[in-house]
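The residues making up each chain are set out below.
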Amino acid sequence: MENWDDVVFEVDLLKSQEIDLDYILELIFEKNKKKLDKASLIEEIRRVIRSSVGNRAKESLIIDFINQSNLDLYVDRTDVIKAFYEYAQAELKKEAVALIAGENLNEREAKHYIEFSLKRKFANENGTDFNNILPKMSPLNPQYLAKKQTVFKKIVAFIEKFKDVGEQL
């Protein structure tokens, strides 16, 4: 038999159109207070994240936060939310640097493009902004199109993961 709180939660989940990130973070706090071990907590949070289309891309970010945090130190929900956003913003900066270096992108242009994409919550490959971030390569080079597609896919995944958690690199 399921715990009544879990039943109420499931009903609330069904009623809500979309679960927001803060709700997931509050749930982490609540479930941790009930002394779930980390593995059970992670399993439960994964289920909630996967039921939330808008937050699926953030799953690894949220799970890494749980694994790297001593959740018992947080006094209330706002502490967990604040700690997560600080963690996520640090990860955003680290992963942006790695993406720019790893793909040999024009650093200044790439930072501007990524920040702009985070603000509007999606990446766009049309126009010159995206082309300006790519490594100097002739559009006639056979590798140009493949490079462009690879970089765009990585940026789209990056934006999905970090939108709504920060906009500053």
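Anything mentioned here points back to the structure above.
Residues numbered from 1 in each chain as written. Predicted model: local features only at pLDDT ≥ 70, side-chain atom pairs only at ≥ 80, totals over all residues. Heavy atoms only, no water.

Q: Can you help me understand the packing of aromatic side chains in this one?
A: In this description, an aromatic ring pair is defined by two values, namely the gap between the centres and the angle between the planes. Counted according to the given criterion, the structure contains 7 aromatic pairs. When the centroid spacing of 5.8 Å and the interplanar angle of 50° are considered together, the rings of Phe65 and Tyr87 count as tilted. Within this pair, whereas Phe65 is found in helix 4 (residues 59-68), its partner Tyr87 is found in helix 5 (residues 77-102), the two being separated by 22 residues in sequence. Tyr87 shares its class with Phe65; the two are buried. (Phe/Tyr/Trp six-rings, centres within 6.5 Å; stacked < 30°, edge-to-face > 60°. Helix = DSSP H or I, 4+ residues; strand = E, 2+ residues; numbered from the N terminus. Buried < 20%, exposed > 50% of the residue type's maximum accessible area, 1.4 Å probe, protein only.)

Q: Can you walk me through the side chain of Lys163 in this structure?
A: Counting through the fold element by element, Lys163 comes out in the segment after helix 8 (144-162). On the basis of relative accessible area, Lys163 is assigned to the buried category, the value being 15%. In terms of polar contacts, Lys163 uses its side chain to reach the side chain of Glu160, at 3.2 Å. Contact partners of Lys163, with chain neighbours within four places excluded, come to Lys58, Leu118 and Lys121. (Polar contact = N/O pair within 3.5 Å; in protein donor to acceptor, adjacent residues only side chain to side chain. Contact = heavy atoms within 4.5 Å.)

Q: Just checking my understanding: could you explain helix 3 (residues 38-50) for this structure?
A: The α-helix advances 3.6 residues per turn, and as a result positions three or four apart in sequence lie on the same side. A rise of 1.5 Å per residue sets the reference length of helix 3, with its 13 residues, at 18 Å; its end C-alpha atoms lie 18 Å apart and thus fit the reference within 8%. By the burial criterion, the buried members of helix 3 are Leu41, Ile42, Glu44, Ile45, Val48 and Ile49. For helix 3, the buried positions fall inside an angular range of 165° around the axis, keeping them on one side. Within helix 3, the exposed residues directed more than 90 degrees away from the buried face are Ala39 and Glu43. (Expected span 1.5 Å × (residues − 1). Arc of directions from axis to C-beta.)

Q: Quick question: what am I supposed to make of the pattern of salt bridges here?
A: Close approach of charged atoms lets side chains of opposite charge pair. Inspection of the entire model under this criterion finds 15 salt bridges. The salt bridge involving Glu91 is made with Lys94; its shortest N-O contact spans 2.9 Å. Here Glu91 and its partner Lys94 are both found in helix 5, 3 residues apart, which amounts to about one turn of the helix. On the basis of relative accessibility, which here comes to 14%, the residue Glu91 falls in the buried class. Judged by its relative accessible area of 55%, Lys94 is exposed. Among the charged side chains, a network of salt bridges with common partners joins Glu30, Lys33 and Arg77. (Salt bridge = Lys/Arg side-chain N within 4 Å of Asp/Glu carboxyl O.)

Q: Can you walk me through the nonpolar core in this structure?
A: Side chains that are nonpolar tend, in soluble globular proteins, to be buried together. Residues Ile45, Ile62, Ile66, Phe84, Ile155 and Phe158 are the most contacted members of the largest nonpolar core, which totals 47 residues. Taken together, the elements giving at least two residues each to this core come down to helix 2 (21-33), helix 3, helix 4, helix 5, helix 6 (107-120), helix 7 (128-133) and helix 8. With 11 residues, the top contributor of residues to this core is helix 5. For Ile45, the residues in contact, after removing those within four places along its chain, are Ile24, Leu27, Ile28, Ile62, Ile63 and Ile66. (Core = buried A, V, L, I, M, F, W, Y, C linked by side-chain atoms within 4.5 Å.)

Q: Would you mind going over the environment of Thr128 with me for this structure?
A: Inspection of the secondary structure puts Thr128 in helix 7. Accessibility expressed as a relative area gives 55% for Thr128, which makes it exposed.

Q: Sorry if this is basic, but what is going on with unusual backbone geometry here?
A: Negative phi characterises most residues that are not glycine, and trans characterises most peptide bonds. Phi is positive for Asn104, close to 55°, though the residue is something other than glycine. Within the secondary structure, Asn104 is located in the loop between helix 5 and helix 6.

Q: Teacher, can you tell me more about the environment of Ala146 here?
A: Turning to its location among the elements, Ala146 is positioned in helix 8. For the pair Ala146 and Asp20, spaced 126 residues apart in the sequence, the C-alpha separation amounts to 35 Å.

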